[in-house]
Amino acid sequence: AQSVTQPDARVTVSEGASLQLRCKYSSSVTPYLFWYVQYPRQGLQLLLKYYSGDPVVQGVNGFEAEFSKSNSSFHLRKASVHWSDSAVYFCAVSLAGAKLTFGGGTRLTVRP
Amino acid sequence: ETAVFQTPNYHVTQVGNEVSFNCKQTLGHDTMYWYKQDSKKLLKIMFSYNNKQLIVNETVPRRFSPQSSDKAHLNLRIKSVEPEDSAVYLCASSLYWGGGTQYFGPGTRLLVL
């Protein structure tokens, strides 16, 4: 069975600063990897996904993530955050695109 | 643009009552899912249907029962709700089973008094 760990429950950064949200997974095979964002009182929106190929994937709103097989990681990055990026970010994995297993989420607060 | 719709947005009820939530997707997808998000934001899969057939049924109390009339609709019924059922219930869909990206609805927030 696969599992996902997001070691940072809360992250606070200043507007304009760079961002990295960490995600580590455990799986017997390389899973499909996703980052979703959840704004207050809303559902989950897909930021980006990785299936195979180039380990750096680009997503929406300037987000990117880098897959590392050796580290079993899929960290999310953004070069310069905006106050509107404040939300909860979820890393998720699935095997062959089936049911998603989510990490516990990281609540991002961007200070003006 | 929302393509997975859920009703109601919010529901308050008392212990022991029955509730039903509706989900509809207009994406033409074959597979739909129900997830539960608790007060700590933890998300867990409950059920998955592929073309009206139950595929995944995680360890969920028997008072929960999914219902699918066609592949665009997946409802969730809870008989005799308990306080621990208070949560946000998220519906999602994907193109097919094993079809990668899942698209989520806005959720139904349930409060059991």
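Placed above this text is the structure.
Quantities reported herein were computed from a predicted structural model and do not represent experimental measurements.

Asks: I'd like a description of the interface of chain B and chain A, backed by residues and values.
Replies: At the junction of the two partners, chain B supplies 20 residues and chain A supplies 20 residues. For the pair chain B and chain A, the two sides together bury roughly 1600 Å², of which 56% comes from carbon and sulfur. Three residues stand out in chain B for area buried against chain A, namely K41, L43 and F104 of chain B, and they jointly supply 29% of the buried area on that side. Remark: the boundary between chain B and chain A carries zero salt bridges. Here chain B is connected to chain A by five residue pairs in polar contact (both at pLDDT 80 or more). For the side of chain B that touches chain A, the elements supplying multiple residues, two or more each, are β4 (31–37) and β5 (43–50) of chain B. In terms of residues, the side of chain B that touches chain A owes the most to one element, β4 of chain B, which gives three residues.

Asks: Would you mind going over the pattern of salt bridges in detail, with residue names and values included?
Replies: Residues and elements named next belong to chain A. Going through the model one piece at a time under the given rule, you end up with eight salt bridges over all chains. Here R22 ties to D8 by a salt bridge, and the two come within 2.9 Å at their closest N and O atoms. Placement of the pair is R22 in the loop between β3 (19–21) and β4 (24–26) and D8 in the loop between β1 (3–5) and β2 (10–14), with a sequence separation of 14 residues. E64 serves as the salt-bridge partner of R77, at 2.7 Å between the closest nitrogen and oxygen. Remark: E64 occurs in strand β8 (residues 63–68) and R77 occurs in strand β9 (residues 73–78); sequence separation between them is 13 residues. On the basis of relative accessible area, R77 is assigned to the partly exposed category, the value being 25%. If you follow the salt bridges from partner to partner, you end up with E64, E66 and R77 in one network.

Analysis parameters
- Residues numbered from 1 in each chain as written.
- Chains lettered and ligands numbered in written order.
- Predicted model: local features only at pLDDT ≥ 70, side-chain atom pairs only at ≥ 80, totals over all residues.
- Heavy atoms only, no water.
- Contact = heavy atoms within 4.5 Å.
- Buried area = accessible area lost by both parts, 1.4 Å probe.
- Salt bridge = Lys/Arg side-chain N within 4 Å of Asp/Glu carboxyl O.
- Polar contact = N/O pair within 3.5 Å; in protein donor to acceptor, adjacent residues only side chain to side chain.
- Helix = DSSP H or I, 4+ residues; strand = E, 2+ residues; numbered from the N terminus.
- Buried < 20%, exposed > 50% of the residue type's maximum accessible area, 1.4 Å probe, protein only.

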